[in-house]
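# Architecture at a glance
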Amino acid sequence: MMRKFSYIVLVILLSVSGFAKRKTIEQLKAEAAASHGGRQAELYAELARRLVDVADQQFTAGDSAKGQATVQDILANATRAHDVAVSTRQKLKRVEIHLREAQRRLENVRRTLAADDRPPVSAVESKLADLRQDLLNVMFAPKKKK
């Protein structure tokens, strides 16, 4: 009986610690702005991925104007992540993974939208694909001969 109780307490503590580690969007924005190099690129990419969920909530609530603004924020943060990762050549893989996830989630959001709201979201989705492809090209480019 006591052993079962200790397992339950352990599970509760682990789940609470997992929720405590998740940063808010504002904390993530502040940390990304203050960081440098590969860490900054990864934070901007994570921010872009997390903003897709915010946009989905806004579209679901019927506020398509806020949703479209958030989609543009997704693109801005993804572009920052791409630019920093390419210029520093750090965290390219992590940034690409976050952008792939953002693109996949944005595609799922686009499928649920009204026809009028789809074209701008589709354009951002295409730009995310271009950014990802560019990251892959940088990662797997042939080595320069000296």
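Residues numbered from 1 in each chain as written. Predicted model: local features only at pLDDT ≥ 70, side-chain atom pairs only at ≥ 80, totals over all residues. Heavy atoms only, no water.

### Side note on the pattern of salt bridges
With the rule as written, the count across this model stands at 14 salt bridges. Note that Glu42 and Lys91 form a salt bridge whose closest N and O atoms lie 3.5 Å from each other. Here Glu42 is found in helix α3 (residues 37-60), whereas its partner Lys91 is found in the loop between α4 (64-88) and α5 (92-112), with 49 residues between them in sequence. Where Glu96 meets Arg100, a salt bridge forms, and the shortest distance between an N and an O atom there is 3.0 Å. Separated by 4 residues within a single helix, Glu96 and Arg100 lie in helix α5, roughly one turn from each other. The network of salt bridges with shared partners includes Asp53, Glu101, Arg104 and Arg105. (Salt bridge = Lys/Arg side-chain N within 4 Å of Asp/Glu carboxyl O. Helix = DSSP H or I, 4+ residues; strand = E, 2+ residues; numbered from the N terminus.)

### Some details on the packing of α4 against helix α6 (residues 118-139)
The interhelical angle for the contact between α4 and α6, taken along N-to-C directions, is 10°, at an axis separation of 10 Å. Relative to α6, the element α4 is oriented roughly parallel. Here α4 contributes Gln68, Val71, Gln72, Ile74, Leu75, Ala78, Thr79, His82, Ala85 and Val86 to the contact with α6, which in turn contributes Pro120, Val121, Val124, Lys127, Leu128, Leu131, Asp134, Leu135 and Val138. (Axes fitted to C-alpha atoms, helices over the stretch in contact; angles between N-to-C directions. Parallel < 35°, antiparallel > 145°, perpendicular 65-115°, else oblique. Contact = heavy atoms within 4.5 Å.)

### Considering the nonpolar core
Phe59, Val71, Ile74, Val95, Leu99, Leu106 and Leu128 are the most contacted members of the largest nonpolar core, which has 33 residues in total. For this core, the secondary-structure elements that each account for two or more residues are α2 (25-34), α3, α4, α5 and α6. Broken down by element, this core gets its largest block of residues, 10 residues, from α3. Those residues in contact with Leu99 that sit more than four places away from it in its chain are Ala45, Ala78, Leu128, Leu131, Arg132 and Leu135. (Core = buried A, V, L, I, M, F, W, Y, C linked by side-chain atoms within 4.5 Å. Buried < 20%, exposed > 50% of the residue type's maximum accessible area, 1.4 Å probe, protein only.)

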